[in-house]
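Analysis of the macromolecular model
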Amino acid sequence: MLLIHPPVAKPSEPPGGLAKLAGALKCHRIQHSILDANLEGLLHLIEGSSTASDRWTVRALRSRPKHLRALREKSLYRTPDRYRRAVADINRLAEMAARRSSIHLSLVNYQDPGLSPLQSSDLRRAARQPQNNPFYLYFKDRLETLIEKERPRVVGFSMNYLSQALCTFAMLGFIRRHWPELTLVLGGGLITSWKQRSGGQNPFGDLVDHLVAGPGESALLALCGITGSQEPLPQHYRPDYDLFALGDYLSPGPILPYAASTGCYWNRCAFCPEKAEGNRYVAVPADSVMADLGALVKRIRPSLIHFLDNAVSPALMEALVDRPPGVAWYGFARISRRLADLNFCKALKQSGCAMLKLGLESGDQSVLDAEQKGIDLDLASRTLRNLQKAGIAAYVYLLFGTPSETIAEARSTLDFTVRHCEAIDYLNLAIFNLPICGHPARELETQTLYEGDLSLYTGFRHPKGWDRGLVRQFLDREFKRHPAVRRILLRDPPLFTSNHAPFFGMANLQ
Ligand code: SF4
């Protein structure tokens, strides 16, 4: 079996989902190979560039070896200006390498002005014309060599982001044309959402043999003739990173992605896609998580653990405090009573917690209540102050334009942010999208937001007139212009954002 992580996604860490599948296959002694075509493809374009017609690209080419080396060393993350220059230059090389194919490529995104990843007919077109993809020369050679050598029977793609869709289909089309006998499987987070949207159908049946929603371990094992009961809980497999080139990712030492749960233990926020899709909360028992982390840390010696959970559970936090993994870690957490306890935050810091990502969404209590966030602003305030005192960075996520918000509540969010600007290290600002699936979409007057039969969101007439254009205007003209907010926004690592942010605050960077 061959498992592929297609371009484009942030090339800072190996894909946790594929590692999980590799763990399941290894456990059942099923021969498999891993291809991180995202990392390899981007490096192929970046390292293959040799011509430049402007001063920036000439400079980027000259500094390329130095920048690539530096992005993999901790010292760069002590000097944000040098870091910014390195990221901008390396990104410039990727961008210019794809310009010939008229693709807007960056280290984290892929946009084709002529093809939409939300349109199934465009994905089919990408599959019919793989030679137009800027990664074509890379994946053609790589797949020919790999498939001839490994002779897989099944090829699986894991697709989690829209930025991967067009390249995934280009690669699928290429494989289908050259090796029609292979069984093609497509899974990952985006497929889970698409399949849910299409009522479980496979809209690409002529191209892909199996579309897998949710965790793919049992589906892949079943293809290999291994079946087992999924009830009451799916079997847990330890992720396996042995087949990933961990030294090649653009990070200062390997990052270990680990999912201790799927779904969300809160699962109540109105309009949350997890909730709208009805994804079940399944947590790996804390003892198994700690055993996995112990073994993985020993084996791959990561510089950072990245918890992929929608929210790290209080039980897992307790376990990390009791048995620190010996490596810095970060992830999403819910603002909770536990974090409002300064001693607990200090204990978390001792356990290695470098940063927590907090989905605050709004600084207005009436909005938080209407959206069922289950967050009390006093608690949020104490949490932020405690994290600051404990030395844990706070990456705060704000969401504007929810149905319960108007400009007055958005201004309360601005006030809250300014009042806590010393305790907020990083900010992510987003404009609300209404998931197509789920009950609330049926209660609002909807209108087309995105072109495309695969769109997961729909536009809506805001019940209080606070439409997207007005929200965008407020963010650009008022929110982002406040000096306290601007200072926070300027700190955000360009392109890599939260994936690199923890490295900037880690005192032990050598
Ligand atoms: S905490 Fe996050 S993942 Fe959980 S329900 Fe709320 S928005 Fe969804």
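What comes next concerns the included structure. (Residues numbered from 1 in each chain as written. Predicted model: local features only at pLDDT ≥ 70, side-chain atom pairs only at ≥ 80, totals over all residues. Heavy atoms only, no water.)

A word on the overall build of the chain. Each helix and strand counted, the chain has 20 helices and 18 strands in total. By residue count, 55% of the 510 residues in the chain fall in the buried class. Within the chain, counting contacts between residues at least 6 apart in sequence, those at least 24 apart form 75% of the total. Within the structure as shown, the chain displays about 22,100 Å² of accessible surface, and the carbon and sulfur contribution to it stands at 49%. (Helix = DSSP H or I, 4+ residues; strand = E, 2+ residues; numbered from the N terminus. Buried < 20%, exposed > 50% of the residue type's maximum accessible area, 1.4 Å probe, protein only. Contact = heavy atoms within 4.5 Å. Areas by Shrake-Rupley, 256 points an atom, 1.4 Å probe, with all protein chains shown as cover.)

In the region of the ligand, the neighbouring residues are C264, W266, N267, R268, C269, C272, N310, R334 and K373. Of the residues in the shell around the ligand, the class split is four nonpolar, two polar and three charged. (Near = heavy atom within 4 Å. Nonpolar A, V, L, I, M, F, W, Y, C, P; charged D, E, K, R; others polar.)

If you look at soluble globular proteins, the nonpolar side chains tend to sit buried side by side. I4, L105, L143, F169 and L356 are the most contacted members of the largest nonpolar core, which has 156 residues in total. Setting aside its immediate chain neighbours within four residues, L356 contacts W329, G331, A333, L339, L348, L387, I392, A393, A394 and Y395. Of all hydrophobic cores here, the second largest spans six residues; its members include A270, F271, F432 and L434. (Core = buried A, V, L, I, M, F, W, Y, C linked by side-chain atoms within 4.5 Å.)

Let us look at the side chain of S120. Structurally, S120 is set in helix α5 (residues 120-128). At 2.4 Å, the side chain of S120 and the side chain of D453 are in polar contact. Other than its neighbours up to four places away in sequence, S120 contacts F204, D453 and L454. (Polar contact = N/O pair within 3.5 Å; in protein donor to acceptor, adjacent residues only side chain to side chain.)

Now for the pattern of salt bridges. Within the structure shown, the criterion is met by 22 salt bridges. Measuring nitrogen to oxygen at the nearest pair gives 2.8 Å for the salt bridge that ties D242 to R299. With D242 in the loop between α9 (217-223) and β8 (255-258) and R299 in helix α11 (residues 286-300), this residue pair connects regions lying 57 residues apart in the sequence. Among the residues examined, R299 registers a relative accessible area of 58% and is labelled exposed. (Salt bridge = Lys/Arg side-chain N within 4 Å of Asp/Glu carboxyl O.)

For the bond running from P7 to V8, omega is 5°, close enough to zero to count as cis. By the element assignment, V8 lies in the loop between β1 (2-5) and α1 (16-27). With phi around 45°, R151 is a residue other than glycine that occupies positive phi space. In this structure, R151 sits in the loop between α6 (136-150) and β5 (154-158). Given a relative accessible area of 61%, R151 falls into the exposed group. Despite not being glycine, Q372 shows a phi value in the positive range, around 55°. Position of Q372 among the secondary structure elements: in the loop between α14 (365-370) and α15 (377-390).

A word on helix α4 (residues 80-99). Relative to the 28 Å expected for 20 residues at 1.5 Å per residue, α4 spans 28 Å between its end C-alpha atoms, a close match to the ideal helical length. Each element contacted by the buried residues of α4 is listed here: α2 (37-48), α3 (55-71), β3 (104-105) and α20 (501-505). (Expected span 1.5 Å × (residues − 1).)

This brings us to the pairing of β5. Successive side chains on a regular strand alternate, one facing one side of the sheet and the next facing the other. The buried fraction of β5 is high, at five of five residues. Residues V154, G156 and S158 point to one face of β5 and V155 and F157 to the other, with burial holding for every one of them. Bridging between β1 and β5 involves three bridges; their strand directions are parallel. Along β5, the bridge assignment pairs L2 with V155. Pairing analysis gives five bridges linking β5 to strand β6 (residues 183-187), with the strands arranged parallel. (Pairing = 2+ DSSP bridges.)

Looking now at the sheet that holds strand β18 (residues 457-460). The strand order β16-β18-β17 describes an open sheet built from three strands, whose pairing is antiparallel. One side of each edge strand has no neighbouring strand; the edge strands of this open sheet are β16 (434-435) and β17 (446-447). Examined bridge by bridge, β16 and β18 share two bridges and lie antiparallel to one another. Residue L434 lies in a different strand from β18, and its bridge partner there is T458.

What follows is about the pairing of β6. Most of β6 sits inside the fold, with five of its five residues counted as buried. Burial of the side chains of β6 extends over both faces: T183, V185 and G187 are buried on one face and L184 and L186 on the other. Tracing the backbone out of β5, into helix α7 (residues 165-178) and back to the parallel element β6 gives a crossover that is right-handed. Pairing of β6 with strand β7 (residues 210-211), which is carried by two bridges, proceeds in the parallel orientation. (Right-handed = clockwise from strand over helix to strand, strands pointing away.)

Those residues of helix α12 (residues 314-322) not exposed but buried are L316, M317, A319 and L320. Summarising the axial view, the buried residues of α12 lie within an arc of 160°, below the 170-degree limit, and thus occupy one face. Buried residues along α12 sit in contact with α11, β11 (304-307), β12 (329-333) and α13 (342-350). (Arc of directions from axis to C-beta.)

A few words now on the packing of aromatic side chains. Tallied over the full model, the rule gives 22 aromatic pairs. With centroids separated by 5.6 Å and ring planes inclined at 85°, the aromatic side chains of Y136 and F139 adopt a geometry described as edge-to-face. One end of the pair is Y136 and the other is F139, both in helix α6 and three residues apart, which spans about a single turn. As far as burial versus exposure is concerned, Y136 and F139 are alike and both buried. Geometrically, the ring pair formed by Y136 and F174 is edge-to-face, given 5.9 Å between the ring centres and 85° between the ring planes. Separated by 38 residues along the polypeptide, Y136 in helix α6 and F174 in helix α7 bring together distant segments of the chain. Each of the two residues, Y136 as well as F174, counts as buried. (Phe/Tyr/Trp six-rings, centres within 6.5 Å; stacked < 30°, edge-to-face > 60°.)

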